[in-house]
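# Observations on the model geometry
One letter stands for each residue in the lines below.
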Amino acid sequence: MKTCPRLLCLALAAAFALTACGGPQLLEITLPAAPLELATGETAALETGFVYDGETPENARPEVTYTSSDEAVATVDETGAVTALAEGEATITAAVGDLRAAQDVVVTIPVESLTAESLSLHLADGPARLAYTVVPENFSGALSFACENEQIAAVDATGSVTPATPGDTRVTITAPNGLTATAAVHVWDGPKELTLTAGKTEVTEGSGTQIAVADENGSEVDAETLTWRSSDEGIAVVSNGWVDIVGTGEATITASTEYGVEASVTLTGAARPAPTAPPAAGSGAEAASGGGETAQGGGSEGLNEWSSQGHGYFTTYGDGTAFELQNQVRAANGAAPLTWDNGLGDLAVARCQQIAVDFSHNGAQSAENIAVGFGDASSVIAAWQGSPGHFGNMISGSYTVGAIAHMYDGDGCHYWVAVFR
């Protein structure tokens, strides 16, 4: 049978057409699952994807039809470019034949300005929200929050900040259109409030008083952890809560924590009264008496010799340095430290004035050590430490409170009284 050349040509053409149509077939159109977020006036291109049953053809770009569910909110052109027109939500659909894909579009009002306030957080307070301002006020989009140092504080998606450790860091707020604002975050610890209570608010010049410190719960605060200052050091000098009154008039004593919490108390320095009788003291003789013993000789003789010289005004004050040195002696010998007692401090001051006239234990109202002639705290403590009777008082475990007073005049005459209870 002879084949017609024309028919053969047609068959070959048909075979060629079948081969050309047998390439990979489009199975699916894809769009991102997450909503596309735009501010009004912004435009963005849809990320349309295509899935084939084989290798994707080179430069594959089927003809896609795009539609918007609400063109008052967002429109889409033939290339998949979406333009946001008004606040709201719309769904964009991409179609190729019977295949469909959709993506939601969320349109927000754009942020014109964004500001944030600094935040101070106490470590014990727990989370607190950042204060920030968005313009326009009817902005309804989502802001994002990020903390610079999460070891100090952490921030969640709502802008709530949780303190972690004392320090300083920053939180950055970012609007959908890229506008940012930064808030300083300060995390602190310790007392939130301080209350200062002076043993006496009116103190005679040459004397002193202790200031007690409590926090917002009424708990005692260690005075050594605070920074102290006096408004007038010509009237009052303060160290770790102990105030020496060195002049007359009013002075304000202030204590503050390392985080800036502070409180104050005002003290009045009163003029010293003129003595009713000339005080007496030893002229260079050094004597100490306690527990019925004399630590060094020359006590009463030195007093009589000095009193004949007719010395005038004297200065008496509670001596915190000597008291601390005495507590160091107690600690070295296994005894608990004594606590300063303002009432005993007043007693020690009064006894100083009495022993200037009668250097003896006459008039003692508690266990005491007395001394005359020692010019500083370390020397009188060393003298008492070297005398068995005095030393026994210093380290006795039966005493829990005490005070030490020092009286002197401008001519170098010194009297010391330590009382125990």
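So, a few notes on the structure that sits alongside this text. The structure presented is a predicted model; accordingly, all values stated were derived computationally and were not measured.

## Quick notes on a negative patch on the surface
A cluster of like negative charges, contributed by Glu-220, Asp-222, Glu-224 and Glu-324, occupies part of the molecular surface. Along the polypeptide, Glu-220 turns up in the loop between strand E21 (208-214) and strand E22 (227-230).

## Notes on the sheet that holds strand E19 (residues 195-198)
Spatially, the four strands line up as an open sheet ordered E19-E21-E24-E23, and their pairing is antiparallel. The open sheet is flanked by E19 and strand E23 (236-239), the only strands paired with a single partner. Here the average twist between neighbouring strands, direction ignored, is 25°. As paired strands, E23 and strand E24 (residues 242-245) are joined by four bridges and run antiparallel to one another.

## A word on the nonpolar core
Among the nonpolar cores identified, the biggest contains 36 residues, and Val-380, Ile-381, Trp-384, Ile-404, Trp-416, Val-417 and Val-419 are the most heavily contacted of them. For this core, the secondary-structure elements that each account for two or more residues are helix H3 (320-332), helix H4 (342-355), strand E31 (367-372), helix H5 (377-385), strand E32 (401-408) and strand E33 (414-420). Filtering out sequence-adjacent residues up to four positions away, Val-417 remains in contact with Ala-348, Arg-351, Cys-352, Ile-355, Glu-368, Asn-369, Ile-370, Trp-384, Ala-403, Ile-404 and Ala-405. In this structure, Leu-194, Val-243, Ile-253 and Val-265 belong to the second largest nonpolar core, which totals 23 residues.

## Points about unusual backbone geometry
Pro-136 follows Val-135 through a cis peptide bond whose omega is 10°. Even without glycine at this site, Asn-240 takes up a positive phi of about 50°. The class of Asn-240 is partly exposed, set by a relative accessible area of 36%.

## Some thoughts on the side chain of Thr-257
Here Thr-257 lies in the loop between strand E25 (249-256) and strand E26 (262-270). For Thr-257, a relative accessible area of 11% corresponds to the buried category. Discounting residues that sit within four places of it in the chain, Thr-257 has contacts with Pro-191, Leu-194 and Leu-226.

## What to know about the packing of aromatic side chains
Applying the stated criterion to the full structure yields six aromatic pairs. With a centroid separation of 6.0 Å and an interplanar angle of 90°, the aromatic rings of Tyr-317 and Tyr-408 are classed as edge-to-face. Linking Tyr-317 in strand E29 (residues 315-318) with Tyr-408 in strand E32, this pair joins segments that are 91 residues apart in sequence. Grouped by ring-pair contacts, the aromatic residues Trp-242, Phe-323 and Trp-340 constitute a single cluster.

## Here we look at the sheet that holds strand E15 (residues 153-155)
As a general point, the strands of a sheet are linked pairwise by backbone hydrogen bonds and lie either parallel or antiparallel. Within the open sheet, the three strands sit side by side as E12-E16-E15. Their pairing is antiparallel. Because the sheet does not close on itself, it has two edges, and the strands there are strand E12 (128-129) and E15. Across three bridges, E15 lies against strand E16 (residues 160-163) in antiparallel orientation. When the sheet's bridge partners are listed, Val-155 is paired in E16 with Val-161.

## A short note on the pattern of salt bridges
Applying the stated criterion across every chain, the model contains five salt bridges. In this structure, the salt-bridge partner of Arg-229 is Glu-262, at a minimum N-O distance of 3.4 Å. Separated by 33 residues along the polypeptide, Arg-229 in strand E22 and Glu-262 in strand E26 bring together distant segments of the chain. A relative accessible area of 43% places Glu-262 in the partly exposed class. Measuring nitrogen to oxygen at the nearest pair gives 2.8 Å for the salt bridge that ties Arg-351 to Glu-368. Of this pair, Arg-351 sits in helix H4 while Glu-368 sits in strand E31; the two residues are 17 residues apart in sequence, bridging distant segments of the chain. For the residue pair Arg-351 and Glu-368, the accessibility class agrees, reading buried in each case.

## Description of the packing of H3 against helix H6 (residues 388-395)
Where H3 contacts H6, the axes come no closer than 9 Å and their chain directions differ by 85°. Between H3 and H6, the crossing angle belongs to the class labelled roughly perpendicular. Here Gln-326, Val-329 and Arg-330 of H3 lie close against H6, whose contacting residues are Phe-391, Asn-393, Met-394 and Ile-395. Among the residues making up the contact of H3 with H6, the classes are represented as four nonpolar, two polar and one charged.

## Remarks on the environment of Thr-93
As for its position among the elements, Thr-93 is in strand E8 (residues 88-96). With near-sequence residues (within four places) excluded, Thr-93 lies in contact with Thr-65, Tyr-66, Thr-67, Arg-100, Ala-101 and Ala-102.

## A short note on H3
Taking 1.5 Å of rise per residue, the 13 residues of H3 would be expected to cover 18 Å, and the 18 Å separating its terminal C-alpha atoms lies within 8% of that figure. Every buried residue of H3 is listed here: Ala-322, Phe-323, Gln-326, Asn-327, Val-329 and Arg-330. One side of H3 holds all its buried residues, which, seen down the axis, span an arc of 155°. For H3, the exposed residues lying more than 90 degrees away from the buried face are Thr-321, Ala-331 and Ala-332. Where H3 is buried, its residues contact strand E30 (339-340), H5, H6, E32 and E33. Where H3 begins, the capping side chain belongs to Asp-319, and its oxygen is found 3.1 Å from the backbone nitrogen of Thr-321. Phi turns positive, to about 80°, at Gly-334, one or two residues after H3.

Procedures and definitions
Every chain's residues receive numbers from 1 upward, in the order its sequence appears when written. For this predicted model, a pLDDT threshold of at least 70 governs which residues receive local features, and a threshold of 80 or more governs which side-chain atom pairs are given and counted, while totals over whole chains, interfaces and linings are taken from all residues. Calculated side-chain values reflect all of the structure's heavy atoms, with hydrogen atoms and water omitted. Here the term patch refers to residues with relative accessible area over 30% and no salt bridge, with like charges joined within 9 Å and nonpolar side chains (Val, Leu, Ile, Met, Phe, Trp, Tyr) within 5 Å. Methods summary: accessible areas were calculated by the Shrake-Rupley approach with a probe of 1.4 Å, and residue burial reflects only the protein chains presented. The term salt bridge refers to a pairing of a side-chain nitrogen on Lys or Arg with a carboxyl oxygen on Asp or Glu at a separation within 4 Å. Under this rule, positive means Lys or Arg and negative means Asp or Glu; His and the chain ends count for nothing. A single reference atom marks each charge: NZ on Lys, CZ on Arg, CG on Asp, CD on Glu. By definition, any uninterrupted DSSP run of H or I lasting at least four residues is a helix, any uninterrupted run of E lasting at least two residues is a strand, and each is numbered from the N terminus. When DSSP locates at least two bridges between a pair of strands, those strands are taken to pair. Axis geometry follows a simple rule: fit a line to the C-alpha atoms, using only the stretch in contact for helices, then measure angles between N-to-C directions, giving values from 0 to 180 degrees. Only buried residues count toward a nonpolar core. Its members are Ala, Val, Leu, Ile, Met, Phe, Trp, Tyr and Cys residues joined through side-chain atoms within 4.5 Å. For every residue, the accessible area (1.4 Å probe, protein chains only) is compared with the maximum for its type, and the residue is labelled buried under 20%, exposed over 50%, or partly exposed between those bounds. We call two residues in contact when some of their heavy atoms are within 4.5 Å. Aromatic rings from Phe, Tyr and Trp, with only the six-membered ring used for Trp, were paired whenever their centres fell within 6.5 Å, and each pair was classed as stacked if the ring planes differed by under 30 degrees, edge-to-face if by over 60, and tilted otherwise. Throughout this description, any angle smaller than 35 degrees is read as roughly parallel, any larger than 145 degrees as roughly antiparallel, any in the 65 to 115 degree range as roughly perpendicular, and the remainder as oblique. Residues are grouped as follows: nonpolar covers Ala, Val, Leu, Ile, Met, Phe, Trp, Tyr, Cys and Pro; charged covers Asp, Glu, Lys and Arg; every other residue, Gly included, is treated as polar. One less than the number of residues in a helix, times 1.5 Å, gives the span that helix is expected to have. Working note: the arc is built from the helix axis to C-beta atom directions. Pairing of N or O atoms within 3.5 Å defines a polar contact, subject to two protein rules: one partner must be a possible hydrogen donor and the other a possible acceptor, and residues neighboring in sequence count only if both atoms are side-chain atoms.

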